Amino acid sequence: DAKTTQPNSMESNEEEPVHLPCNHSTISGTDYIHWYRQLPSQGPEYVIHGLTSNVNNRMASLAIAEDRKSSTLILHRATLRDAAVYYCILVNYGGSQGNLIFGKGTKLSVKP
Amino acid sequence: DTAVSQTPKYLVTQMGNDKSIKCEQNLGHDTMYWYKQDSKKFLKIMFSYNNKELIINETVPNRFSPKSPDKAHLNLHINSLELGDSAVYFCASRTVSGANVLTFGAGSRLTVL
């Protein structure tokens, strides 16, 4: 699976939007972009995924660049509960067999 | 209803002992995994089972042996525990069909003294 690059940490204020970037310049045409997050002392939790088009769900939005070499996870209104490590992972459905390769992720801090 | 449940949540033991961590999922998924998160917080896959058959076995010491009695359970047995085995172990599951989304358990923190 191709590699992703994320900032080590980001800070946000409560109730404000947060944009978490991810670079994946070596993405292949069949790689999906998945985001997971890990709250303190919990297991990773699926957030959202997409292939080419922007995606929205109840947790977040995913904006994918036209060339697919980068993407941004958008939390529209950060809450204290959103403080977590966010992982951007490329998944090739044909080859990965579900083997998610986690990087260091971005540690998001949310200030009240 | 917990989707992926692991027991025990905490396990403290001495070097050289043998211990097991159990995992059960009630999602009807057919593939289950064990991941290890070390002290530096890196998450790495250890094993994957699909319908009770081993399909992924990363470079893990053979002291670690997964066992899948049925597709809803994947247990992890560790022989001759070493200090370096101290970590948080996460079980996960997914269904082969549909989006490749994993559901993780809450983790089992193993401390080897």
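A few points on the structure. All residue numbers refer to positions counted from 1 along the written sequence of the respective chain. Chain letters start at A and ligand numbers start at 1, both assigned in the order the entries are written. Totals for whole chains, interfaces and linings use all residues, but because this is a predicted model, local features are given only for residues with pLDDT of at least 70 and pairs of side-chain atoms are given and counted only at 80 or more. Side-chain descriptors were evaluated using all non-hydrogen atoms of the structure, hydrogens and water having been removed beforehand.

1. A look at the environment of B:Met46
All names here are of chain B.
Here is step 1: Inspection of the secondary structure assignment puts methionine 46 in strand S5 (residues 43–50).
Here is step 2: Look at methionine 46 and you get buried, because its relative accessible area is 4%.
Here is step 3: The criterion used for residue contact is that any of the two residues' heavy atoms lie within 4.5 Å. Setting aside its immediate chain neighbours within four residues, methionine 46 contacts Trp34, Tyr35, Lys36, Ile56, Asn57, Glu58, Val60, Phe64, Leu76 and Tyr89. A run of DSSP states H or I qualifies as a helix once it reaches four residues; a run of E qualifies as a strand once it reaches two. Both are numbered from the N-terminal end. Burial classes: relative accessible area under 20% of the type maximum marks a residue as buried, over 50% as exposed, and values in between as partly exposed (1.4 Å probe, protein chains only).

2. Observations concerning the packing of aromatic side chains
Residue and element names in this part refer to chain A.
Here is step 1: Stacked, tilted and edge-to-face pairs are distinguished by plane angle, under 30 degrees for stacked and over 60 for edge-to-face with tilted covering the rest, among Phe, Tyr and Trp rings (Trp via its six-membered ring) whose centres lie within 6.5 Å. For the structure on display, the rule yields 9 aromatic pairs over all chains.
Here is step 2: Here the aromatic rings of tyrosine 36 and tyrosine 46 are separated by 5.8 Å at their centres, their planes lie at 75 degrees, and the arrangement is edge-to-face. Linking tyrosine 36 in strand S3 (residues 31–38) with tyrosine 46 in strand S4 (residues 45–50), this pair joins segments that are 10 residues apart in sequence.
Here is step 3: Taking relative accessible area as the criterion, tyrosine 36 reaches 0% and is therefore assigned buried.
Here is step 4: Centroid distance tyrosine 36 to phenylalanine 102: 6.2 Å. Interplanar angle 65 degrees. Geometry classified as edge-to-face. In this pair, tyrosine 36 sits in strand S3 while phenylalanine 102 sits in the loop between strand S8 (84–92) and strand S9 (106–111), placing the two residues 66 residues apart along the sequence. A single burial state applies to tyrosine 36 and to phenylalanine 102, both of which are buried.

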